Each structure stands twice: as structure tokens, then as C-alpha cells.
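Fold and contact review
Listed below, chain by chain, are the residues.
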Amino acid sequence: MSVPILELKGLTKRFGGLTAVNDVSFRVEEGGISGLIGPNGAGKTTIFNLITGVYKVSAGDILYKGASIADKEPYKIADLGVTRTFQNIRLFKNLTVLDNVLTASHMSAKYGLAEALFRLPRFRRDEKALREKTMELLSIMGLADRAEVVSNNLPYGLQRRLEITRALALNPKLLLLDEPAAGMNPDETNQLMRLIGEIRGKFKLSVLVIEHHMDLIMGVCEHIHVLNFGCTLADGKPETVANDPKVVDAYLGAEETK
Amino acid sequence: MNLFLQQLVNGLSIGSIYALMAVGYSLVYSIMNFSNFAHGSVIMLGAYFGYYAMTLLGLPFLGGAVAAALGSAGVAIILERLAYKPLRDRRAPFLYFIITAMGASMFIDNSVIATIGPTPKMYPNVFGQGPISIGHIDIGRVDLAMFIISAVALVALILFIDHTKLGKAIQATAYNMKASALMGISPSFVIILVFGIGGGLAGIAGILYGMKYQVFPQIGAITLKSFIAAVFGGLGSLPGALLGALLLGILETFVSGYLSSQYRDLIAFTLLIAMLVIRPSGIMGKNAEDKA
Amino acid sequence: MEYILGIFELSAINLVAVLGLSILTGFTGLFSFGHAGFMAIGAYVGGILTKNLHYPFWVAIIAAGLSAGLVSIVIGRLTLKLKGDYFCIATMGFGEAVRLIFSNMNYVNGARGLADIPQFKGASLAIPFVVAVIAIVVAWNLVNSRQGRNMVAVREEELAAQMAGINVLGSKMVAMIASAVLAGVAGALMANFIGFIAPKSFNMTKSTELTIIVIFGGLGSISGSVIGAFLLTALPELLRAFSDWRLVFYGLAVIVIMVGRPQGLLGGSELTPSGIRKMLADRKAKAAFARAKAGGRES
Ligand SMILES: Nc1ncnc2c1ncn2[C@@H]1O[C@H](COP(=O)(O)OP(=O)(O)OP(=O)(O)O)[C@@H](O)[C@H]1O
Ligand SMILES: [Mg+2]
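Residues numbered from 1 in each chain as written. Chains lettered and ligands numbered in written order. Predicted model: local features only at pLDDT ≥ 70, side-chain atom pairs only at ≥ 80, totals over all residues. Heavy atoms only, no water.

**Focus on the overall build of chain C**
As a reminder of what qualifies: Comment: elements are numbered from the N terminus, with helices defined as DSSP H or I runs of at least four residues and strands as E runs of at least two. All radius of gyration figures rest on C-alpha atoms, and the globule criterion is 2.2 Å times the number of residues raised to 0.38. Areas reported as accessible are Shrake-Rupley estimates using a 1.4 Å probe. Residue values count occlusion only from the protein chains shown. Only four residue types enter the charge count, namely Lys and Arg as positive and Asp and Glu as negative; His and the chain termini do not. Where a charge sits is defined by one atom per residue type, namely NZ (Lys), CZ (Arg), CG (Asp) or CD (Glu).
Within chain C, the secondary structure is distributed over twelve helices and zero strands. Each helix and strand of chain C, ordered N terminal to C terminal, gives the series α-α-α-α-α-α-α-α-α-α-α-α. Computed over C-alpha atoms, the radius of gyration of chain C comes to 20 Å, within 12% of the 19 Å expected from 2.2 N^0.38 for 299 residues, which places it in the range of a compact globule. Surface exposure of chain C reaches about 12200 Å², of which carbon and sulfur atoms provide 67%. In chain C, 24 positive and 14 negative side-chain charges are present, and the distance between their average locations comes to 6 Å.

Structure follows, in C-alpha cells:
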């Protein structure tokens, strides 16, 4: 079997007395789309925060392409090719759509500080290429006509789309999406489903998505991992997981208390 | 040995003033998670309120102290309503709060300079002349008053926070504003309350500090010391602020006494930076992982 | 005539320092109470080099910028990891410490200050303007580069910036060094323009006055900072009669701006052809957004 793009091994995170993630292990195959589901507070976002280095791991390990990234700084993990979106959108609110994406593509430019301060040739060349590449990405994602709009003024659905676009600007190998369909109507959700499939093919990346919309998860994921109270509840193909009585229980239980 | 005890007494007296300022400031921080950097201006106004209450209205010292406390509490509450609340309501970034505090401080300080003028004013001497001697140690009358009044005010505060319903509401809100709001504690009310208490303590600190030295528009600069004290103790922790303030006061008098007063502030600032580097959460603060 | 020239000289000098703060506060979102400390370092280095060691102006100016920059590396290492209020209090401590050190240094005459520093005259009066123009160009280039965009990302949303592969601490450091160098250069210009410096000229009020200019001009706008620096340096000089009330007005205006129009004069926008186009496009989008929202509510 080939090396998975991401592998969690006995991952554990404690906040004081609370164990938010408890001995979780699973893998995301190269080129695959995997789903991470579970009731509210199950520890899904915490896992994303651990993978991206925002939180320090309490125990266990995180392997990216076979090498541990558990002790790396967040920005270095991003540079390696792991990017994410946020459950509660975090755009650079006062910047335009173009600048949001341009900022994220900074690693594609190679000029140094001195070259920037004095506008040396490489600065001009790189900046021009960067802008072209960004506009191209915006067209692919259907945001080109809004390039000059301040992102805070975008409709909600487009803000989510912009966040994904910004993540793609880093040329990631692994994209983590935290509830990308939250607050969307069924129509928008369908569109998003298609988009996720397209992105995977076009940008040759692997995706790990957190979602509550069951149809989205069942529709796009090839593999699903279910969490409950920080612990693994089930892991496997969508149809197996969906019929697992433990999963049905956890979800129905959660639904009833809502 | 006598010198040592003498310094210790002086240090406790100045430390108790720092404590009055630091505790009020830290109390606001514990609720708002931001520093009221205009705290110094509120202290300065307290010194003027007390001064005018005693000279123009001819009130006795206690009357002056009450006037200073009430006046400063009022100013602090007005400041929160007019300047900070609008920012909170639209969830402005942290930067805006600091800038607003800086503007408020500049406005208050310079209003006093423009109207009352920069000339220092002397409080009437209400405590009598000459130090009080206990054994071989001399205590200035104002210093003694500073210590006693600060101690009374701080004990009253601790009793209030630990043993009254309102005090418990403050604690609950400091621990978790959202959860306590759900339990029926109005955050808005608690915020007004802490600004009022912080302002009141600032007013008392102002009148005492003004009596020890003089009253002038830049007197609020001394709050920097209370910020340092609060950081020593751990921002947002009241016992921490108290301990930090007393330690700082004692340290300062010892440095002045045994080394040179020139180094007093320099050492305070160096310690501040050292503390921030080694243990930013202070002696008693808690080190939590930010929620992302 | 000489008086008017003097005002322009002072404006140009203030502008250099303001540009530094614009980068630090306006673009990176870091607030410093102690920036005058870097100015003091520059002023004293410049003053000593020209007065005691008889170096030419330009050597002193470069040395002043470099010294402030070096100190900022140390200070940045110690303080930039700190969050929010802790950082502010630390900068306060730094600014006051610098002032106290110079006040206690006999070599520079302590609190009485350093007098008889060689002053610009004749052709050398052009130096502040030349430096100001260079500073504008360099600051402009910085904020319009990838390094500059990284700073703005840090200001907007630190966590998202990290997730976009931006070294947050590194970006803050670049901003800190750039602003300290400019402050140091401004300090040296000040020393050689006025001919006298004293520790108390570099207190917290000086720091906050410079920050206020940035706020008036608008956070995140170089052209706003330029306009702000000239207006706010010239205005009080022309309205001397109201000098007592000047800072009262500033303080009030800062509160009103933060509460009512936090973007200041030109927040986030630039007075250039493309900047104005952007502003107009955004107006339209905002209006459309508001219409869509209102429509959505009706249906
Ligand atoms: N920084 C933190 N400090 C303390 N507790 C935390 C922190 N971050 C998360 N938690 C706790 O960890 C648990 C898991 O939270 P997490 O956000 O990972 O849940 P989730 O599965 O993403 O839920 P949701 O579906 O609501 O987004 C919760 O009980 C939460 O309160
Ligand atoms: Mg979540």
C-alpha cells in the first residue's frame, strides 16, 4: 500500500481536564476525499487545529507524506502543502477578493525584501506573474468579476468560496474544509459538492472535509471517519458507516436533544 | 536593620497605592480582556476631585475621599459608555480599543491642562505635622494614611467580590461571559459595575497620591507602575495585582535606599520586560491556549 | 518665508517617523506606546556623531537609522511574541527605559539635554525633504510587495495568515525594524534641524502624537499618512493661539474617529488613480450588497 498523504496515530488533545480528542487514528489516501463527521463538540475542529499546528498535540503523532509534522510551526505546515478553511469564516475582511488570494500566493513569488523596497527587475516580473496566476484562479473559481470587491461585502456563499480559493492559492496537496456548506441552502450545497469534486481533479489534491450535511458527505466522500466525544466511533466506506447502528444512535441522540 | 525595616514600611506604603490602581485596572481587564489605558487619567481626575472637594467645599478628608471615589467612578463609567461600548457593539478589533483609550487619556489630561492649568496644587495638611515614631522607625502621617485607607478599601473589595451576589456575578462573568449571560447576569451591568469599582479605587488612589506629593495634570503617569504591578501578578488576577504592587513598591524603595533613586524606575522597567519574556502570564495568571 | 520653510522642514521630519508608525500600526496592526524611544536613539546617535565626532550629516542619519534598527531587533525578539495588552505595556516600558537611560547618561548631559548640535543650513536644508521622499518611496514599495501584503494579513486575521503560510512573527519583525529605522532617521533629522535634544522630548506623548497622525490619515494608507503629517504639523504651528486646546482636540477627534469613522481620512485606500478606481468599485459593491439584503428581507 502506498504512503497516505495524512495519517493520524493515536492523536490526543487535552484542554485542562477535558479530553477533546482521544486516541484517534485514521488515514487520508493520496488523491482521496475523506469525511470527518460527528455531533457538535465531538472534536472535529480540534483535529484540524492539531493537523495545522494551531494547537500542540498532547499525545500521538501526525504524519504528512510519512513524516511527522506534529511539532512544526503552523506556517511551515502550510508551506508544506496543508491548508484549510475555517468553520467561522476568517477572510482578510477589509481586503479585496483579489488581495485576499494574492496574499495567500506569496510563496509563488521569490523576490526578497531588498528587491521589493527598490523595485528591482525580479520584483516586477514576479508580481506580474503572481497577478496573472491569481486572476486565472479567480476565473476558475468564478470570482473574477468580483476581484475588486472588498471581501466583507461579498454574499455569504461567495465568502465561503473565496476562502477555498484563498487556500488553493498556496498550491496545497491536502485541503482541509471545516463545514464548508454551513449556512448554505440545498442549491448552494449541491454546487459546492460539484466544486469539491472538480477541485480535487484540477488541482491534484486530497481533501478532508468536516460536514453536518449528510447528503454532501455521502455524495462526495470515499471514506468517512466518525467521532463522538473525542473518540472514534466508526471508520470506513460511506455506506458501511451510514448503516452502523452506533453511528445512527449517536446522530439520532444528538438530533433529539437539539 | 532599622534602615531595612524603615525601607520595608515605606515600600508597603507606596506599594499599597500601586495596589489600589493595579487592582482596579486588573478588575476591568478580567472582564473585558483589554486594558483601560486611560486609567491614569481617571486617577488624575480623582486627585483633582478630592482637592476641590476639600478646598472649595471645605469637606474633611473623608468627604474628599468619597468625592474623589464617586467622581472618578462616574468618569470611568462615562468613558466606558461613550467610548468603549460603541466599539464593543460592533466588535471592533483590539487595536481600536487601545487607540480609543489613548485618545481618551489625551483628551482628559489636556482638558485639565487647558482649563485648570499645569501648576501643581498643594493639598491642605489634614494629618498634622511630623512623622509618627514606632520604636526606631518613622512613618510619615500621609504614608500611614495611605497604607490604612488602601488596606481598608482593598479588604472591602475582596469581601465584596467573595461574599456578595454582585461580586459573584463579576466572578462568573470574568470566568465566562457568554455562559453567565445565559444564566441571567447582564454583561452590560457587570461591565458598568467593574468600571465603577475600578474608577472608585482610582479616585481614592488619586487623592492619596496627590496628598503625598502634589496635584498636577501628569500625575496619572504613575499608573504605568500599576500596569507593571498587574503584569507581575498576572493580568486579570486580583490577588496577583495586589501581590505584584506590594512587591514592586518594596523593591523600588529598596533600590532607592540601597542603590540610587536614579535606578529605581529603570529597574522596574527591566524587571517588567524580563517578566514578560520569562513568564508573560505573571505570578498568578493562567496560561490558556487561545480558542481557534 | 523662513518660518514657512521651517514648518515644511518639521513636517517632512515628522513624516519620516509617521511613515514608520504607519507601517507598524496602520498596516501590521501593532500598537506601540514607546516608539519615541527609537526616535530618541536616532536623535542621540545623530547628535553625538555630528557634534562630538564631527561626522557629516548623511553618515549620522544612516548610522541613526541602523542603530534604531538594531535595537528594534532585540526589542522585537523580546516583545513581539506577546499578545495585545502585554505588547503595549512592554513597549511602554521600553520607551520609558530609553528616556531614563539618556536622562542618566552624563556623556550626553543627562536630563538637561544635548545642545549646540550642528544644524542644517543652506543647501543641507534640503536633506529632510530628500530623506522624506526616499522614505515615501520605500514605504510605498514595501506595503505593495508580498512582504507588505503579509503584514496586512497579520493585521486582519493572524490565524488565517498563519494558515496561508505567513510567518506571523517574521512579518511583525520586518514591520518593527522598518518602523524603527524610519523613527531613528527622523530622530537624527530632528537633532540636526533643531540643534538641541533632551530626553523629555521623546516621552509617551510624542509616541502617541505620531500615532494620532497615522489615525487621522487612516490606518493602512500611505497617502493618508503623508497628508496627515503635513496637515497636523502645519496646523498647530499656524494656530499657535489655541496651542493649549490642540491636544484636547486631538484626543477628542481620535475617539470620534474610532467610534464613528475608524478608517480615518483614507483608511485602506490610496490617493492614486488605481486607488480611487478601487474605492469607487467598492462603493458600488456595497450599495448592491445593501440592496440585495433589503430585497431578501422583503421576499
Ligand atoms: N482552546 C480550547 N480550550 C478549551 N476547550 C476547547 C478548546 N477548543 C476546543 N475545546 C473543546 O473541545 C471540544 C471539541 O471542540 P471542537 O470545536 O473540536 O468540536 P467540533 O466537533 O468541531 O464541534 P462543532 O460541530 O460544534 O464545530 C469542545 O468541548 C470544546 O469546547
Ligand atoms: Mg467545529
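**Digging into the side chain of Thr28 of chain C**
Residues and elements named next belong to chain C. How we decide: In this scheme, a residue with accessible area under 20% of its type's maximum is buried, one over 50% is exposed, and one in between is partly exposed, where area comes from a 1.4 Å probe on protein chains only. Polar contacts, as used here, are pairs of N or O atoms within 3.5 Å; protein pairs need one atom able to donate a hydrogen and one able to accept it. Residues neighboring in sequence count only if both atoms are side-chain atoms. Between two residues, a contact is recorded if the distance between any of their heavy atoms is within 4.5 Å.
Here Thr28 lies in the loop between helix 1 (2-27) and helix 2 (35-51). Note on Thr28: relative accessible area 2%, which makes it buried. Here Ile23 takes part through its backbone oxygen, which lies 2.8 Å from a polar atom of the side chain of Thr28. In contact with Thr28, not counting residues within four places along its chain, are Ile23, Met151, Val154, Arg155, Lys172 and Ala175.

**Regarding the site of ligand 1**
Counted only if it meets this: Here, proximity means that at least one heavy atom of the residue falls within 4 Å of the molecule or strand.
Gly41, Lys44, Thr45, Thr46 and Gln87 of chain A are the nearest of the 17 residues found near ligand 1. Looking at the residues close to ligand 1, they fall on chains A and B. Between Gly41 of chain A and ligand 1, the recorded distance is 2.8 Å, taken from a backbone N or O atom to an oxygen atom. For ligand 1, an oxygen atom lies 2.8 Å from a polar atom in the side chain of Lys44 of chain A. Here ligand 1, which alone exposes 640 Å², has 76% of that area covered by the protein.

**As for the packing of helix 9 (residues 223-233) of chain B against helix 4 (residues 84-103) of chain C**
The cut-off we apply is this: The convention used is that axes are lines fitted to C-alpha atoms, helices contributing only their stretch in contact, and that angles between N-to-C directions extend from 0 to 180 degrees. Oblique is the label for any angle not covered by the other classes, which are roughly parallel (under 35 degrees), roughly antiparallel (over 145) and roughly perpendicular (65 to 115). Handedness of each helix crossing follows the sense of rotation of the near helix against the far helix: counterclockwise by less than a right angle gives left-handed, clockwise gives right-handed. Basically, the charged four are Asp, Glu, Lys and Arg, the nonpolar ten are Ala, Val, Leu, Ile, Met, Phe, Trp, Tyr, Cys and Pro, and anything else, Gly included, counts as polar.
Between helix 9 of chain B and helix 4 of chain C, whose axes approach to 11 Å, the crossing angle comes to 130°. Relative to helix 4 of chain C, helix 9 of chain B is oriented oblique. At the point where helix 9 of chain B passes helix 4 of chain C, the crossing takes the left-handed sense. Residues Leu224, Phe227 and Val231 of chain B of helix 9 of chain B form the contact with helix 4 of chain C, whose participating residues are Ile89, Met92 and Glu96 of chain C. Among the residues forming the contact of helix 9 of chain B with helix 4 of chain C, the class breakdown is five nonpolar, no polar and one charged.

**Notes on the interface of chain A and chain C**
The condition that has to hold: A simple way to read buried area is as the amount of 1.4 Å-probe accessible surface that goes missing from two parts once joined, with both sides added. Here a salt bridge means any side-chain nitrogen of Lys or Arg lying within 4 Å of a carboxyl oxygen belonging to Asp or Glu.
Listed by partner, the interface residues are 43 residues for chain A and 31 residues for chain C. A combined buried area of about 3100 Å² lies between chain A and chain C, and 61% of that area is made up of carbon and sulfur atoms. Contact with chain C buries surface across chain A, with Tyr75, His106 and Asn153 of chain A losing the most and accounting together for 19% of the total. For Arg149 of chain C, the salt bridge goes to Glu127 of chain A, with nearest N and O atoms at 2.9 Å. At the boundary of chain A with chain C, the tally comes to eleven residue pairs in polar contact (both at pLDDT 80 or more). Its residues assigned to classes, the side of chain A that touches chain C comprises 23 nonpolar, nine polar and eleven charged.

**With respect to the coordination of the magnesium ion (ligand 2)**
The reference angle at a metal is 109.5 degrees if four donors form a tetrahedron and 90 or 180 degrees if six donors form an octahedron. Put simply, the rule is: Shown as donors are all N, O and S atoms within 2.8 Å of a metal ion, widened to 3.2 Å for Na, K and Ca; because water is not in the atom set, sites may appear incomplete.
Of the protein atoms, only Thr45 of chain A (OG1) and Gln87 of chain A (OE1) coordinate the magnesium ion (ligand 2), at distances of 1.9 to 2.1 Å. With Thr45 of chain A in helix 1 (residues 44-51) and Gln87 of chain A in the loop between strand 6 (82-84) and helix 3 (97-104), this pair connects stretches of sequence that are 42 residues apart.

**With respect to the sheet that holds strand 5 (residues 67-68) of chain A**
Residues and elements named next belong to chain A. Test applied: In this analysis, strands are considered paired if DSSP registers two or more bridges between them.
Spatially, the four strands line up as an open sheet ordered 2-1-4-5, and their pairing is antiparallel. Two strands in the sheet have a free side with no partner beyond their single neighbour: strand 2 (18-28) and strand 5. Pairing of strand 1 (residues 6-15) with strand 4 (residues 59-64), which is carried by five bridges, proceeds in the antiparallel orientation. Residue Leu6 lies in a different strand from strand 4, and its bridge partner there is Tyr64.

**Topic: the pairing of strand 9 (residues 223-228) of chain A**
Residue and element names in this part refer to chain A. Among the six residues that make up strand 9, five are buried, leaving the element largely enclosed by the rest of the structure. Both strand 3 (residues 33-37) and strand 9 contribute to a ladder of four bridges, which runs parallel. Within strand 9, the residue paired with Gly35 across the bridge is Ile224. Relative to strand 10 (residues 231-236), strand 9 runs antiparallel, the two sharing five bridges. Residue pairing across strands places Ile224 opposite Gly236, the latter belonging to strand 10. Linkage of strand 9 to strand 10, two consecutive antiparallel strands, is achieved through a turn of two residues, within which Phe229 is found at a positive phi near 45°.

**Let's talk about the domain arrangement of chain C**
All names here are of chain C. Heads up, the rule is: Domain boundaries shown here were taken from an automatic or database domain assignment.
Domain annotation of chain C identifies domain 1 (2-262) and domain 2 (269-299). In this structure, domain 1 and domain 2 have C-alpha centres spaced 34 Å apart. Listed per partner, the contact involves seven residues of domain 1 and four residues of domain 2. Together, the buried faces of domain 1 and domain 2 total about 350 Å²; carbon and sulfur atoms form 49% of this surface. The largest share of the area that domain 1 buries against domain 2 comes from Trp140, Ser221 and Ser223, three residues that together contribute 72% of it. For the interface between domain 1 and domain 2, the tally reads zero salt bridges. Our enumeration of links across domain 1 and domain 2 arrives at zero residue pairs in polar contact (both at pLDDT 80 or more). At three residues, the largest contribution of residues to the side of domain 1 that touches domain 2 is made by helix 10 (residues 222-238). Of the residues belonging to the side of domain 1 that touches domain 2, the class tally is four nonpolar, three polar and no charged.

**With respect to the sheet that holds strand 9 of chain A**
Residues and elements named next belong to chain A. Taken together, the six strands give an open sheet; going across it, the order is 6-7-8-3-9-10, and neighbouring strands pair in mixed fashion. Each end of this open sheet is capped by a strand with a single partner; those strands are strand 6 and strand 10. Each adjacent strand pair in this sheet contributes to an overall mean axis angle of 15°, direction not counted.

**Considering the nonpolar core**
How we decide: Side-chain atoms within 4.5 Å are what join buried Ala, Val, Leu, Ile, Met, Phe, Trp, Tyr and Cys residues into a set we call a nonpolar core.
In this structure, Leu6 and Leu208 of chain A, Phe37, Tyr84 and Ile99 of chain B together with Val16 of chain C are the most contacted members of the largest nonpolar core, which totals 218 residues. If you tally residues by element for this core, the top one is helix 8 (residues 168-194) of chain C, at 15 residues. Setting aside residues no more than four positions away along its own chain, Phe37 of chain B makes contact with Tyr25, Ile98, Ala101, Ser105 and Phe227 of chain B together with Phe33, Asp85, Cys88, Ile89 and Met92 of chain C. Within the second largest apolar cluster, 46 residues are counted, among which are Leu138, Leu170, Leu192 and Val207 of chain A.

**Digging into the environment of Arg99 of chain C**
All names here are of chain C. Looking at the element boundaries, Arg99 is found in helix 4. According to the relative accessible area criterion, Arg99 is partly exposed, its value standing at 21%. Sequence separation between Arg99 and Phe202 is 103 residues; the distance between their C-alpha atoms is 6.9 Å. Every residue in contact with Arg99, bar those within four places of it in the chain, is listed here: Pro199, Lys200, Phe202 and Asn203. A polar contact of 2.7 Å, which involves the side chain of Arg99, links it to the side chain of Glu96.

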